[in-house]
Amino acid sequence: QVQLAESGGRLVQAGGSLRLSCALSGRNFRRTNMAWFRQASGKEREFVSAASWSVDRDYADSVLGRFTMSRDDARGQVYLQMDSLKPEDTAVYYCAAKSSLVWTGDRAEKEYDYWGQGTQVTVSS
């Protein structure tokens, strides 16, 4: 089983920046599709971003232009750089992995095989 562990979530003021990290262990991730999801209190879990091992990237409209996803497979790390944070970004953020040899561009939660426990991001006004 692949193990995922998110970190970096904290309280931050609106307009600020934060970088989340996801540490991966248990396998080679070079051609694994990775993603970030988030879930606000009382809301459904929603897609945030996805990335292949290469240049493929996908972002939800709500974060496009503000969030940037990156990967460092040699270190087993996935990152989510969040800039211009808004109170509506407050949520538990989860990283997810899908075992795949090719980029599939999945936004559906059910397509991902492995999940971390989440890290809380709170943006104050």
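Residues numbered from 1 in each chain as written. Predicted model: local features only at pLDDT ≥ 70, side-chain atom pairs only at ≥ 80, totals over all residues. Heavy atoms only, no water.

> Talk me through the state of the cysteines; I want residue IDs and the actual numbers.
One pass over the structure, following the stated rule, counts one disulfide. Disulfide pairing is shown between C22 and C95; the S-S distance is 2.0 Å. Given an S-S torsion of about 55°, the disulfide between C22 and C95 has right-handed geometry. With C22 in strand β3 (residues 18-25) and C95 in strand β9 (residues 91-99), this residue pair connects regions lying 73 residues apart in the sequence. (Disulfide = S-S within 2.5 Å. Helix = DSSP H or I, 4+ residues; strand = E, 2+ residues; numbered from the N terminus.)

> Residue-level account of the pairing of strand β5 (residues 46-51), with values.
The side chains of a regular strand alternate between both faces of the sheet. Of all six residues making up β5, five are buried, and the element is well covered by its neighbours. Both strand β4 (residues 32-39) and β5 contribute to a ladder of five bridges, which runs antiparallel. Residue M34 lies in a different strand from β5, and its bridge partner there is A51. Between β4 and β5, which follow one another and run antiparallel, lie six residues, and G42 among them has a positive phi close to 75°. In this sheet, strand β6 (residues 57-59) lies alongside β5 in antiparallel orientation, the contact comprising three bridges. The partner of S49 across the bridge, within β6, is Y59. Connecting β5 to the next strand, β6, in antiparallel fashion are five residues. (Buried < 20%, exposed > 50% of the residue type's maximum accessible area, 1.4 Å probe, protein only. Pairing = 2+ DSSP bridges.)

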